[in-house]
Amino acid sequence: MTTPSQTQVTLSQVMNATEANLLGTIHGGNIMKAVDDAAGSVANRFAKGPAVTAAMDEMTFLVPVRVGDILHVDARVNWAGHSSVEVGVRAEVDRWDEVSERTHVATAYLVFVAVDEDGSPRPVPELELESEEDQRRFREAQIRRRHRLARREAIRASRDESGEGGEP
């Protein structure tokens with residue numbers, strides 16, 4: 001079994017002008033890529049092999065990231081099922097040119113599915129919860145999973161009623 005603390009990964013990078021948007025702050029897509037990179041590393045390590053992004057369940061941007069900020073992206077497994085895993089990510093920044101407190105800039109939850117060489121889902125290890133925080137994160141991940149599945153089913157039912165199919 002693997003514990004959440006054993007899965008933790010931190011990636012850091014200096015944000016530069018080529019990543020800025022027209023407002024002069026870092027484009028959200030660049031932050032999302034850093035989040036997916038960190039979460040993917042965690043999921044692949046936990047799954048002991050390939051795991052692919054299935055969903056970005058939630059991404060909340062709290063404050064803008066500026067050119068010159070060092071983006072620190074911390075990721076760890078919150079929940080594991082049979083073949084899927086939820087990874088929680090917290091993004092913080094501090095300045096490259098001064099000693100400063102880190103500022104929480106974004107939070108995200110991503111779902112990955114472990115896959116075999118044919119791309120079919122395969123089992124992941126069991127997650128061993130060590131602390132009260134691990135248990136809280138696991139419970140909250142279960143709530144997000146239930147909401148995600150209920151939303152998917154409600155949309156499917158709505159399309160069945162209207163006779164419309166397919167994606168948006």
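Residues numbered from 1 in each chain as written. Predicted model: local features only at pLDDT ≥ 70, side-chain atom pairs only at ≥ 80, totals over all residues. Heavy atoms only, no water.

K.L.:
Can you break down the packing of aromatic side chains residue by residue, with the values?
P.N.:
The final tally for this structure, using the stated rule, is zero aromatic pairs. Stacked on the ring of Tyr109, the Lys or Arg Arg144 has its end atom at 3.5 Å from the ring centre. (Phe/Tyr/Trp six-rings, centres within 6.5 Å; stacked < 30°, edge-to-face > 60°. Lys NZ or Arg CZ within 6 Å of the ring centre and 35° of its normal.)

K.L.:
Which residues make up the side chain of Thr7, and what values do they have?
P.N.:
On the secondary structure map, Thr7 appears in helix α1 (residues 4-7). A polar atom in the side chain of Thr7 sits 2.6 Å from the backbone oxygen of Pro4. Setting aside residues up to four positions removed in sequence, Thr7 forms contacts with Thr2, Val42, Phe46, Ala75, Arg76 and Val77. (Helix = DSSP H or I, 4+ residues; strand = E, 2+ residues; numbered from the N terminus. Polar contact = N/O pair within 3.5 Å; in protein donor to acceptor, adjacent residues only side chain to side chain. Contact = heavy atoms within 4.5 Å.)

K.L.:
Outline the layout of surface pockets, supporting the account with residue identities and numerical values.
P.N.:
In this structure, the largest pocket occupies an estimated 240 Å³ of space. Taken together, 16 residues line the largest pocket, and the ones lying closest to its centre are Gly88, Val89, Arg90, Tyr109 and Arg137. Within the residue set of the lining of the largest pocket, elements represented by two or more residues are β3 (69-80), β4 (84-95), β5 (103-114) and α3 (132-162). The element that contributes the greatest number of residues to the lining of the largest pocket is α3, accounting for five residues. Broken down by class, the residue content of the lining of the largest pocket amounts to three nonpolar, five polar and eight charged. (1 Å grid on protein atoms, 1.4 Å probe; cavity = no way out; pocket = protein on both sides within 12 Å on 5 of 7 lines; lining within 4 Å. Points joined across faces, edges and corners; volume = space filled by probe spheres on them. Nonpolar A, V, L, I, M, F, W, Y, C, P; charged D, E, K, R; others polar.)

K.L.:
Give a detailed account of the pattern of salt bridges, specifying residues and quantitative values.
P.N.:
Applying the stated rule across the entire model yields 13 salt bridges. For the salt bridge of Arg151 with Asp57, the shortest nitrogen-to-oxygen distance reads 3.9 Å. With Arg151 in helix α3 and Asp57 in strand β2 (residues 51-61), this pair connects stretches of sequence that are 94 residues apart. For Arg151, a relative accessible area of 45% translates into the label partly exposed. Of the charged contacts, one joins Arg95 and Asp69 as a salt bridge, the two residues approaching to 2.8 Å between their closest N and O atoms. With Arg95 in strand β4 and Asp69 in strand β3, this residue pair connects regions lying 26 residues apart in the sequence. (Salt bridge = Lys/Arg side-chain N within 4 Å of Asp/Glu carboxyl O. Buried < 20%, exposed > 50% of the residue type's maximum accessible area, 1.4 Å probe, protein only.)

K.L.:
Which residues make up the pairing of β5, and what values do they have?
P.N.:
The buried fraction of β5 is high, at ten of twelve residues. Summarising the sheet, β2 and β5 pair through nine bridges and their orientation is antiparallel. Along β5, the bridge assignment pairs Ala55 with Val111. As paired elements, β4 and β5 share ten bridges and run antiparallel to each other. Each residue of the ladder has a partner; that of Glu86, found in β5, is Val111. (Pairing = 2+ DSSP bridges.)

K.L.:
Tell me about α3, residues and numbers included.
P.N.:
Its 31 residues place the ends of α3 45 Å apart at the C-alpha level, agreeing with the 45 Å of an ideal helix rising 1.5 Å per residue. Of the residues making up α3, those classed as buried are Asp134, Arg137, Phe138, Ala141, Arg144 and Arg148. Residues of α3 that are buried sit in contact with α1, β2, β3, β4 and β5. Positive phi shows up at Gly163, right after α3, with a value of about 80°. (Expected span 1.5 Å × (residues − 1).)

K.L.:
Residue-level account of the sheet that holds β2, with values.
P.N.:
Within the open sheet, the five strands sit side by side as β1-β3-β4-β5-β2. Their pairing is antiparallel. Sheet topology places β1 (9-14) and β2 at the edges, where each strand pairs with a single neighbour. Neighbour-to-neighbour, the strand axes of this sheet turn through a mean angle of 20°, independent of strand direction. Across the sheet, helix α2 (residues 28-47) touches β1, β2, β3, β4 and β5, and the angle it forms with β2 is around 135°. (Axes fitted to C-alpha atoms, helices over the stretch in contact; angles between N-to-C directions.)

Function-wise, these values are silent; they only describe arrangement.
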